[in-house]
Amino acid sequence: MGCIYTAKFLLSGDAPLLEGGALLVHRGRIVTTGPLSEVIKNHPGLEVVDYGDALIVPLLINAHTHLELTDFPLWNAGAGEEPPPKDFVAWILRLIGVKQKLKESHYRYSLRNGIAQSIAAGTGTVGDILSQHAQRYNFKGCPLSGVLFLETLGQDPAIILRLKNGLDEALDDETIDSLALGISPHSPYTISRDYLQSLYHNCQSRKIRCTTHVAESPDEVDFVEQGTGSLAHRLYPYIGWEQYLPQPTGLRPLQYIEQQGGLFPENLLVHGVQLSTDDIALLAKNQMSLALCSRSNAKLNVGKAPAGALHRAGVNLALGTDSLASCDSLSIWDEMAFAHQWFEGELDAPTLFHMATRGGAKALGMEKEVGALNIKMRAGFQVLRPKTSVARNEIFDYFVSPACANDIIQVYHHGQPQLPNINL
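On a predicted model such as this, the values are computed, not experimentally measured, just so you know. Residue indices begin from 1 for each chain and proceed along its sequence in written order. Totals for whole chains, interfaces and linings use all residues, but because this is a predicted model, local features are given only for residues with pLDDT of at least 70 and pairs of side-chain atoms are given and counted only at 80 or more. By convention in this description, side-chain values take in all heavy atoms of the structure and omit both hydrogens and water.

Visitor: Mind showing me how you'd approach helix H3 (residues 88–99) here?
Guide: Residue pairs spaced three or four apart in an α-helix point in one direction, given the helix's 3.6 residues per turn. Per the convention used, a helix needs a DSSP run of H or I reaching at least four residues, while a strand needs a run of E reaching at least two, with both numbered from the N terminus. For a helix, the expected span equals 1.5 Å multiplied by the number of residues minus one. An ideal rise of 1.5 Å per residue puts 16 Å on 12 residues; H3 measures up with 17 Å between its terminal C-alpha atoms. Counting buried positions over the 12 residues of H3 gives 10, a clear majority of the element. Taken together, the buried positions of H3 are occupied by Phe 88, Val 89, Ala 90, Trp 91, Ile 92, Leu 93, Arg 94, Leu 95, Gly 97 and Val 98. By definition in these notes, contact holds between two residues if any of their heavy atoms fall within 4.5 Å. Here the buried face of H3 lies against helix H2 (72–78), helix H7 (218–226), helix H8 (230–238) and helix H11 (294–300). Buried, partly exposed and exposed residues are distinguished by accessible area as a fraction of the type maximum, computed with a 1.4 Å probe on protein chains only: under 20%, between the cut-offs, and over 50%, respectively.

Now the structure itself:
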């Protein structure tokens, strides 16, 4: 049987905008799309849910987030009065200090809050980083799809051995409902060379997804290339790693990742703020994906990713919110609106929408399942009702407007509505 959903506009993500379009959903999958009259004619007798002057669009993809840190603003406030961090390394130290005081229950409630906020924001798929691996079970029963990247880092060989064993045990689960498990080697400045190489080898041998923070700040460039700077002089002593300070490599962070075997398409790179022209060519050559987190980069004052050059080079780009430790919301709609201004016209509105849908799907290896409203794909879509009339030629400009995030009236995962009942 199934149900037909229609609205003033239907945007599948792969086909042109369809006025008066409809989609037929059955058992959580899309059966067909097309003009409403045609869908009804070919499938008579089915219930029709008409959203009137609204828009039906795919759920968005948050390719990089840390949902376990959703309650960080509350934790930070409860940690005592301190001035806001003045730089990237100060922010890291603050994050570590706050996390050291947390209990398991803090992460559990925070993660559940992050899931709820993501769903309400029209997100259907996530590339979520979990430093607390046991929290993966809190995704059971969750409608989100995507990849749960189990984060790991370390320099001490004895501790690394224990981390490896725990990671391998966790990865044996393979999936948690609609989310696959992957690995997140944190960054070039928090993992020993040998451990990083073994993690990349593990990902490829298991054929699982991977993600790595890379080239996020000038501090990282200084550390990897010269073995100096704030990460060496402030972070390493703070966490007791002085004896593990690596020798200068003479390499930029992306080149270092390449040397350790990390440039394979299944390794989603994140941030890429400090990328050179040669770095961009290297990403394109190796068919890499990169998740941009512009609001986080702006808040931490680490610079601006060369988004236009990356796009022109053909690098697959996605969008991420990072965490609420460095961002104001988990909404990819908000991220699109900010990025449109932040990159000063280097990424136009249709490109940003593609990054939030098909680009994110490719980055997480889920192109056949999510990111569009195509036949046989998961029935994940959202309904937006603009408060003022939006013409056909204004749709993409509307998508990157600050108002868009507040116009969501319903969200469907697997063909099931997620928000409270609303008036059509």
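Visitor: How should the environment of Asn 393 be read in this particular structure?
Guide: Among the secondary structure elements, Asn 393 is positioned in the loop between strand E17 (381–384) and helix H15 (395–399). For Asn 393, a relative accessible area of 67% gives the class exposed. Separated by 376 residues in sequence, Asn 393 and Leu 17 have C-alpha atoms that sit 9.6 Å apart.

Visitor: Could you clarify how one ought to interpret unusual backbone geometry in this entry?
Guide: Phi is mostly negative for residues that are not glycine, and the peptide bonds are mostly trans. The residue Ala 215 is not glycine, and still its phi comes out positive at about 55°. The topology assignment puts Ala 215 in the loop between strand E13 (210–214) and H7. Taking the relative accessible area as the measure of exposure, Ala 215 reaches 0% and is therefore buried. Phi is positive for Gln 287, close to 55°, though the residue is something other than glycine.

Visitor: So what exactly am I meant to see when it comes to helix H13 (residues 332–342) here?
Guide: Where H13 is concerned, the buried positions are Ile 332, Trp 333, Glu 335, Met 336, Ala 337 and Ala 339. Within 3.5 Å is the distance limit for a polar contact, defined as a pair of N or O atoms, with the added protein rule that one can donate a hydrogen and the other accept it, and that residues adjacent in sequence qualify only through two side-chain atoms. Between the side-chain oxygen at the start of H13 and the backbone nitrogen of Trp 333 there is a gap of 3.2 Å, and the oxygen is on Ser 331.

Visitor: Explanation requested: the pairing of strand E7 (residues 55–58) in the structure shown.
Guide: As a general feature of sheets, a regular strand has side chains that alternate between the two faces. Strand pairing follows a simple DSSP-based rule, namely that at least 2 bridges must link the two strands. Judged from the two bridges that link them, strand E2 (residues 9–10) and E7 form a sheet pairing that is parallel. Bridge assignment links Leu 10 to a residue of E7, and that residue is Ile 56. One ladder, built from four bridges, connects E7 with E17; its direction is antiparallel. Bridge pairing in E17 links Val 57 to Gln 382.

Visitor: Explain the sheet that holds strand E18 (residues 408–413) to me, please; I cannot follow it from the model alone.
Guide: The strands making up a sheet associate through hydrogen bonds between their backbones, and the pairing can be parallel or antiparallel. Spatial strand order, E3-E2-E7-E17-E18-E19: six strands in an open sheet with mixed pairing. Two strands close off the open sheet at either side, each with one partner strand: strand E3 (18–19) and strand E19 (416–417). Alignment of E18 against E19, held across two bridges, turns out to be antiparallel. Paired with Tyr 412 across the strands is Pro 417, a residue of E19.

Visitor: Hey, could you run me through the sheet that holds strand E1 (residues 3–6) in this one?
Guide: Strand order in the open sheet formed by four strands is E5-E4-E1-E6, and the pairing between neighbours is mixed. Each edge of the open sheet carries a strand with a single partner, namely strand E5 (29–35) and strand E6 (47–50). Put simply, the sheet's adjacent strands are angled 25° from each other on average, direction ignored. As a rule, the C-alpha atoms of each element are fitted with a line to give its axis, helices using only the stretch in contact, and angles between N-to-C directions run from 0 to 180 degrees.

Visitor: So what exactly am I meant to see when it comes to the nonpolar core here?
Guide: Inside soluble globular proteins, nonpolar side chains tend to come together where they are buried. Only buried residues count toward a nonpolar core. Its members are Ala, Val, Leu, Ile, Met, Phe, Trp, Tyr and Cys residues joined through side-chain atoms within 4.5 Å. Residues Phe 139, Leu 292, Leu 310, Trp 333, Met 336 and Phe 399 are the most contacted members of the largest nonpolar core, which totals 103 residues. Counting residues in each nonpolar core, the second largest holds 17 residues, with Leu 23, Ala 54, Leu 373 and Tyr 412 among its members.

Visitor: Sorry, what's going on with the pattern of salt bridges here?
Guide: Pairs can form between side chains of opposite charge whenever their charged atoms are close. Each reported salt bridge corresponds to a side-chain nitrogen of Lys or Arg within 4 Å of a carboxyl oxygen of Asp or Glu. Evaluated as defined, the whole model comprises 15 salt bridges. Of the charged contacts, one joins Glu 104 and Arg 108 as a salt bridge, the two residues approaching to 2.4 Å between their closest N and O atoms. One end of the pair is Glu 104 and the other is Arg 108, both in helix H4 (residues 104–120) and four residues apart, which spans about a single turn. By relative accessible area, which is 45% here, Glu 104 ends up partly exposed. Note that Lys 304 and Glu 344 form a salt bridge whose closest N and O atoms lie 3.5 Å from each other. Residue Lys 304 is located in the loop between H11 and helix H12 (307–313), and its partner Glu 344 is located in the loop between H13 and helix H14 (349–363); the two are separated by 40 residues in the primary sequence. Residue classification places Lys 304 among the partly exposed positions, given a relative accessible area of 35%. Taken together, the salt bridges that share partners define one network made up of Arg 29, Glu 369 and Arg 378.

Any functional reading would require information that these geometric values do not contain.
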